[in-house]
Each structure stands twice: as C-alpha cells, then as structure tokens.
Amino acid sequence: MKSMDSRREFLKNSGKVMLCAAALASLGTRVFAQDFKASKSSMQTLPSRILGKDKAALEVSALGLGCMGMSANHGVPPPIKDMIRLLHEAFELGVRYFDTAEIYGPHTNEILLGKAFKDRRDKVVIGTKFGLYYPFGVQQQDSSKKSIFRAVDESLKRLQTDYIDLYTQHRVDTDTPIEEVAQTMNELIKMGKIRHYGLSEAGARTIRRAHKVCPVTSVQSHYSMMMREVESNDVLSTCEELGIGFTAYSPLERGFLGGLMNENTKFHPKLDMRASFPRFTPEALRANQVFIEYVRELAKSKKVDGKEATTAQIALAWLLAQKPFIMPIPETTKLAHLKQNLGALKISFSKEELQEIDTRIKAIKIVGERYPVGSAQAKSVGL
C-alpha cells in the first residue's frame, strides 16, 4: 500500500513538472527579446575569483547565484517571468555564475536558465549537477557512465547550450568508483560537452582520488557562519592544497542568516524542504536567535553605501574573507535581496576582527542538525 501511495505521489508530481515545463516553453523568445533585453550601458562588473588552477581554472564572479529556489524546494515557486527578469537583473549587476541541477524541479530550473541565458550564453558561467535522483520519493545516487551520458545530453537540451561550464557530481555514488566517474568527466571534456568537473559534498579522500584522474575545478558543499564542518573535516584544507576552488552553498544558512526567521516562521509542508530539517523546527529557530543577535551586533559596526550592513551582508562577507578561492552562491527570488547580497563585497574585516568573530561564534551552540539524523540526506554527505 505504501509503495502504491508513493507511486501515485510521484505520478502526481510528474504531472506538475510537465505543466511547469510547458509553461516555460510557452514563453518563447518574446519575453527576453522585448521585456528583459540586457542594456550594455547599465551593466556592472563585480570582483572575480578563480576556481581551480592551470587547465582546470575557471573565472567566476566573487558571488554567484543559487537558482534552485526559483523553481523548487523553497515553497511555491514565483512566476516564471519574474524569475527570468531577476536572472537578467543579476547579469546586469555583474553576477556571472549561476548554479542549478537537473534535480531542481526536477528539470524546470535548468529550463528556466536556458530561457534566460540563450541570448548571452557566452557571457555567463553555468554550473549544473548530476547523479542525484528521487524515484518515488526515495533518494538515490547514480553516477554510472550510462546514467551520466544520458544526464548530460538532457541537461544540454534544457539549458539550450552545447556545453556546460561546470558539471558537478551532486552526491558521491557508492556503487560507482570515483575514478570511473572522473574518467567519464575526462571523456566529456574531450567531447566538448563540459568544460570543468566538480564534486558536491564529497569527503577529502574522495576529492583526492578524483583529482588524480581528472582535475577537479570546484568542490561544492554547505558552508556558512553556522555550518563550518568543511573547516574540520579536511575538505577545505584539501582544496587549498590541491588548488581546487570551493563553492559555498547555503551561505545564508538556508535563509536564517537573513535575520527574518523566528519560531513563528512557517514552511510549506510539501514544497519547502526546510519543513523537514531539524534546524528549522520552532524550537531550533527560537534557540538559534542567540546566533542571529550576534550577527546583528556585527552588522552595526559595518557600513555599506552609508547604511548599516545587513546580517546577510555580514554572513557573506565573513565567508568571502575565509579563503580567496571561495565563491558563495546565495539564493534569492527578490531583487532587493540580490542587491543587498552583492553589497557584501564592499565589507572587509581585519585579521583581529576575524579572530574575534571566530572565537565568539564557536562559543555559540547551534541547535538542530542540518538533516534528520539517519536520513538518506545525512548519510550521503562527506563520503
């Protein structure tokens, strides 16, 4: 009975995805040709960073943009036209790295980026991910060569491009040796379908094994002021040693470091992944106000364009100050928040300030794990 219910839910969700995809397709070229055409005179530039080194080096904007929430997993997605407009605004503000994955939607987020950037593909850096699936609601990893070849071709079609700038294994597949995955990446690079290879939530040993076969450009993992495991599990130090870039996802702790959440914050029970995360229960949100109060205290000491910094700006600036090869990719669906986030690039910390911040935040107890203990999500990171 449980299996039948899961299958019905999967088919229902698949129907929703098809409707959303059809809506995207119906937009046509008129949307960005008439309404959102980029203005060369208004385009800005941002500081850049380099992920990887030598042939694996990839230049990106110092802050990228995580695009998942524009289509899935953070509540009811905003209107598609609004998200295309936001992507174009981000481009004009200087953002050049845009992060997506085939599983976001699934598929609809890649379709969104394909629509938005078809007319300026050579001016943006697009990263997408493969190897993570949820058949009938159950998390599975599949990075077999056959699966990767299928995935890359489908992603290329949805993104309306003939190459992917950064192709990242979404989670380590314990059934496929990482050396085989890396060799498949070598083949895809030679074929011209991808330009760079990335890993997500991989452990230090796996990163080393993969890098020996195909140079890894970037490791993408959860990293924020409240989530610092990569500092203690050798992942960040391994990236530094090998010359691998680091892409920090959830740098605002899934929105918490924006400073607007409290114990009364509600999450859609089915459409927002945070509803199932221990760190977003009312009890945890209430307890972790101690952390956000400290970040507010820090914000009072910094100015951005003459105004007091926001907690989000402090969180992003702190992350940027940790290592020169780190690129945070905060998510947002609002232009005002996008502009605020970019203001983090105007904040700097002295060595003494960073030491003081480090001491203070390490003394604050964070309540709630990032994933439910024993869940497939928790078991699939750090491998």
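What comes next concerns the included structure.

Here is what the cut-offs are and how they apply
- Residues numbered from 1 in each chain as written.
- Predicted model: local features only at pLDDT ≥ 70, side-chain atom pairs only at ≥ 80, totals over all residues.
- Heavy atoms only, no water.
- Helix = DSSP H or I, 4+ residues; strand = E, 2+ residues; numbered from the N terminus.
- Buried < 20%, exposed > 50% of the residue type's maximum accessible area, 1.4 Å probe, protein only.
- Salt bridge = Lys/Arg side-chain N within 4 Å of Asp/Glu carboxyl O.
- Pairing = 2+ DSSP bridges.
- Contact = heavy atoms within 4.5 Å.
- Axes fitted to C-alpha atoms, helices over the stretch in contact; angles between N-to-C directions.
- Phe/Tyr/Trp six-rings, centres within 6.5 Å; stacked < 30°, edge-to-face > 60°.
- Lys NZ or Arg CZ within 6 Å of the ring centre and 35° of its normal.

### Side note on the environment of T108
Item 1. As for its placement among the helices and strands, T108 is situated in helix α4 (residues 108-117).
Item 2. On the basis of relative accessibility, which here comes to 3%, the residue T108 falls in the buried class.
Item 3. For the pair T108 and R158, spaced 50 residues apart in sequence, the C-alpha separation works out to 8.3 Å.

### Describing the pattern of salt bridges
Item 1. With the rule as written, the count across this model stands at 25 salt bridges.
Item 2. Note that D119 is salt-bridged to R120, the shortest N-O span being 2.9 Å.
Item 3. For R120, a relative accessible area of 3% corresponds to the buried category.
Item 4. Note that R228 and D358 form a salt bridge whose closest N and O atoms lie 2.6 Å from each other. One end of the pair, R228, is in the loop between β10 (216-222) and α8 (229-232); the other, D358, is in helix α14 (residues 351-362), with 130 residues separating them in the sequence.
Item 5. Exposure remark for R228: the relative accessible area of 15% places this residue in the buried category.
Item 6. Linked through salt bridges whose partners overlap, the residues forming this network are E102, E110, R150, E154 and R158.

### Some details on the sheet that holds strand β4 (residues 97-99)
Item 1. Pairing in this open sheet of eight strands is parallel, and the strands run β3-β4-β5-β8-β9-β10-β11-β14 from one edge to the other. A strand with exactly one partner marks an edge of an open sheet, and here the two such strands are β3 (65-66) and β14 (326-328).
Item 2. Where strand β8 (residues 166-169) lies against strand β9 (residues 197-200), three bridges are found, and the strand directions are parallel. Residue pairing across strands places T168 opposite G198, the latter belonging to β9.
Item 3. With respect to the sheet, helix α6 (residues 178-191) is in contact with β5 (125-130), β8 and β9, its orientation differing from that of β9 by roughly 145°.

### Notes on the pairing of strand β11 (residues 245-249)
Item 1. Within β11, five of the five residues are buried, which leaves it mostly tucked inside the rest of the structure.
Item 2. Taking every second residue as pointing to the same face, both faces of β11 are buried, with G245, T247 and Y249 on one and F246 and A248 on the other.
Item 3. Sheet topology places β10 next to β11; five bridges connect them, and they run parallel. Bridge pairing in β11 links H222 to Y249.
Item 4. In this sheet, β14 lies alongside β11 in parallel orientation, the contact comprising three bridges. Bridge pairing links A248 to P328 in β14.

### Re helix α11 (residues 289-299)
Along an α-helix, residues three or four positions apart point the same way, because every turn accommodates 3.6 residues.
Item 1. Within the span of α11, buried status applies to Q289, F291, I292, Y294, V295, L298 and A299.
Item 2. Each element contacted by the buried residues of α11 is listed here: α10 (282-287), β13 (307-308), α12 (311-320) and α14.

### Quick word on the packing of aromatic side chains
Item 1. Scanning all chains against the criterion turns up six aromatic pairs.
Item 2. Measuring from ring centre to ring centre gives 4.5 Å for F98 and F117, while their planes differ by 45°; the resulting arrangement is tilted. Here F98, found in strand β4, pairs with F117, found in helix α4; they are 19 residues apart in sequence, far enough to count as distant.
Item 3. Using a relative accessible area of 1% as the deciding quantity, one classes F117 as buried.
Item 4. Between F277 and Y371, the ring centres sit 5.4 Å apart and the planes meet at 80°, which makes this aromatic pair edge-to-face. Taken together, the residues F277 in the loop between β11 and α10 and Y371 in the loop between α14 and α15 (376-379) connect sequence positions 94 residues apart.
Item 5. Given a relative accessible area of 1%, F277 falls into the buried group.
Item 6. By way of ring pairs, the aromatic residues Y223, F246 and W318 are connected into one cluster.
Item 7. Sitting over the face of the ring of F91, R96 holds its NZ or CZ atom 4.0 Å from the ring centroid.
Item 8. The ring of Y163 carries the charged tip of R195 above its face, separated from the ring centre by 3.7 Å.

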